[in-house]
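Geometric and topological summary
Letter by letter, the chains look like this.
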Amino acid sequence: VAILTEADLRTLKSWKYVLDAGQHPNVPNPNRRKVVIASHLPISLVSAVGSPCLPPNNFLAVDVETAGGTTRVIGVVVRWNQKTEYVEALSAELEATFTEHMILAGDFNLKIPNGPLSRRLVEVLDAAGLEVATAGNHTALESERPLIDHIAVSRGLQVTDLVVWPRHDPGYADGKKEATEHAGCSLVVGR
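Please read all numbers here as calculations on a predicted model, not as lab measurements.

In terms of helices and strands, the protein chain carries two helices and 11 strands. Ordered by position from the N terminus, the helices and strands of the protein chain form the series β-β-β-β-β-β-α-β-α-β-β-β-β. The C-alpha atoms of the protein chain give a radius of gyration of 16 Å, which matches the 16 Å a tight globule of 191 residues would have. Taken over the C-alpha atoms alone, the protein chain extends approximately 45 × 35 × 35 Å along its principal axes. Burial statistics for the protein chain: of 191 residues in total, 44% are counted as buried. If you sum the accessible surface of the protein chain, you get close to 9,900 Å²; carbon and sulfur atoms cover 52% of it. Separation between the mean location of the 18 positive side-chain charges and that of the 22 negative ones in the protein chain comes to 5 Å.

Encoded structure:
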């Protein structure tokens, strides 16, 4: 399962199941999406709305049918200029979509740990039974900024094989420029 932000649907043709939260706001390209969840396992839509008091297309919840049962997967984008509002609204969104087995990932635009808003986000996630598996420093980022995109999982799930990809790629501008402003991350989740 892949939770993508700022994605182009044309790059996801090899995925069997793809759902999105709607066209990227203020971007004329009809293929651009703010949040996408792609899977090789069957998925069904739970919610593509999120909080009605925030901009649309920043929240997507699906159920993924795994060999171990159904897992709720949520993708989010916390817009940099609305971080406080989104973190506070996230509590109600998580309460409305709560299940015992959840994975939440996306662009939080927040380093964890870091400052009062970062601590508040961790409190909101903790109240929903989620732990941030990607918090802290990662050797793959070396001298780069810490992650601002994170994955949180239900306490009852087992997390292994965390991988973080740096923003610099030797194949892009000889590694001198960032290929992206967001470092990527993945992990394996089991019951």
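Moving on: the nonpolar core. Judged by nonpolar contacts, the single largest core of 24 residues is most densely connected at Leu90, Leu94, Leu104 and Leu125. Secondary-structure elements contributing two or more residues to this core are strand 5 (59-66), strand 6 (69-77), helix 1 (83-97), strand 7 (102-107), helix 2 (115-127) and strand 8 (130-132). Setting aside residues no more than four positions away along its own chain, leucine 90 makes contact with Val76, Leu104, Phe108, Leu121, Val124 and Leu125. Counting 11 residues, the second-largest nonpolar core is a separate cluster that includes Leu147, Leu157, Cys185 and Leu187.

Each regular strand shows side chains that alternate between the opposite faces of the sheet. Across the six residues of strand 7, six count as buried, placing the element largely inside the fold. Regarding the hand of the β-α-β motif, the stretch spanning strand 6, helix 1 and strand 7 is right-handed. Of the pairings in the sheet, the one linking strand 7 to strand 9 (residues 149-154) comprises five bridges and is antiparallel in character. Along strand 9, the bridge assignment pairs glycine 106 with histidine 150.

Below, the discussion takes up the side chain of serine 118. Inspection of the secondary structure puts serine 118 in helix 2. A polar atom in the side chain of serine 118 sits 2.8 Å from the backbone oxygen of lysine 111.

What follows deals with the sheet that holds strand 3 (residues 32-39). One open sheet holds the three strands; their spatial order is 1-3-2, and the pairing between them is antiparallel. The strands lining the two open edges of the sheet, one partner per strand, are strand 1 (2-8) and strand 2 (17-20). Averaged over all neighbouring strand pairs, the angle between strand axes comes to 30°, with direction disregarded. As paired strands, strand 2 and strand 3 are joined by four bridges and run antiparallel to one another. Each residue of the ladder has a partner; that of tyrosine 17, found in strand 3, is serine 39.

Here the protein chain shows a mean pLDDT of 93. Residues at 70 or above account for 100%. Within the protein chain, strand 2 carries the highest mean pLDDT (98), whereas helix 1 carries the lowest (91).

A separate point is the pairing of strand 6. Counting buried residues along strand 6, seven of its nine residues qualify, which places the element largely inside the surrounding structure. As paired elements, strand 5 and strand 6 share eight bridges and run antiparallel to each other. Following the sheet pairing, alanine 61 is matched in strand 6 by isoleucine 74. The pairing of strand 6 with strand 7 spans six bridges and is parallel. If you follow isoleucine 74 over to strand 7, its bridge partner there is leucine 104.

Moving on to the pattern of salt bridges. Going through the model one piece at a time under the given rule, you end up with 11 salt bridges. Note that aspartate 126 is salt-bridged to arginine 155, the shortest N-O span being 2.1 Å. Of this pair, aspartate 126 sits in helix 2 while arginine 155 sits in the loop between strand 9 and strand 10 (158-165); the two residues are 29 residues apart in sequence, bridging distant segments of the chain. Of the residues examined, arginine 155 reaches a relative accessible area of 42% and is grouped as partly exposed. A salt bridge links glutamate 144 to arginine 167; its shortest N-O distance comes to 3.4 Å. One end of the pair, glutamate 144, is in the loop between strand 8 and strand 9; the other, arginine 167, is in the loop between strand 10 and strand 11 (184-190), and 23 residues separate them in sequence. Judged on exposure class, the residue glutamate 144 and its partner arginine 167 are both buried. Residues participating in the shared-partner salt-bridge network are Glu6, Arg32 and Lys34.

Conventions used here
Position numbers for residues start from 1 in each chain and track the written sequence from start to end. In keeping with the model being predicted, local features are shown solely for residues with a pLDDT of at least 70 and side-chain atom pairs are shown and tallied solely at 80 or more, while totals for entire chains, interfaces and linings include all residues. Side-chain measures here rest on the full set of heavy atoms in the structure, leaving out hydrogens and waters. The secondary structure listing takes helices from DSSP runs of H or I that are at least 4 residues long and strands from runs of E that are at least 2 residues long, numbered from the N terminus. Each radius of gyration reported is based on C-alpha atoms, and the globular scaling rule is 2.2 Å times the count of residues to the power 0.38. Residue burial is assigned from relative accessible area. The probe radius is 1.4 Å, only protein chains are included, and a residue is buried under 20% of its type maximum, exposed over 50%, and partly exposed in between. Here the accessible surface of atoms and residues is derived via Shrake-Rupley with a 1.4 Å probe, and residues count as covered only by protein chains that are part of the display. Charged residues are defined here as Lys and Arg on the positive side and Asp and Glu on the negative side; His and the ends of the chain fall outside this count. Working definition for charges: the position is that of NZ of Lys, CZ of Arg, CG of Asp or CD of Glu. In this description, a nonpolar core means a group of buried Ala, Val, Leu, Ile, Met, Phe, Trp, Tyr and Cys residues linked to one another through side-chain atoms lying within 4.5 Å. Residue contacts are defined here by distance: any two heavy atoms, one from each residue, within 4.5 Å place the two residues in contact. By definition, the crossover connecting two strands over a helix is right-handed if that path, from the first strand to the second, turns clockwise as seen with the strands pointing away from the viewer. Here a strand pair is declared whenever DSSP counts at least two bridges between the two strands. Two N or O atoms count as a polar contact when they lie within 3.5 Å, although within protein this holds only if one can serve as hydrogen donor and the other as acceptor, and sequence-adjacent residues are included solely when both atoms are side-chain atoms. Axis angles are defined between N-to-C directions and span 0 to 180 degrees, where every axis is a line fitted to C-alpha atoms and, for a helix, only to the segment in contact. Per residue, pLDDT measures the predictor's confidence, with a range of 0 to 100. When a carboxyl oxygen of Asp or Glu lies within 4 Å of a side-chain nitrogen of Lys or Arg, that pair is called a salt bridge.

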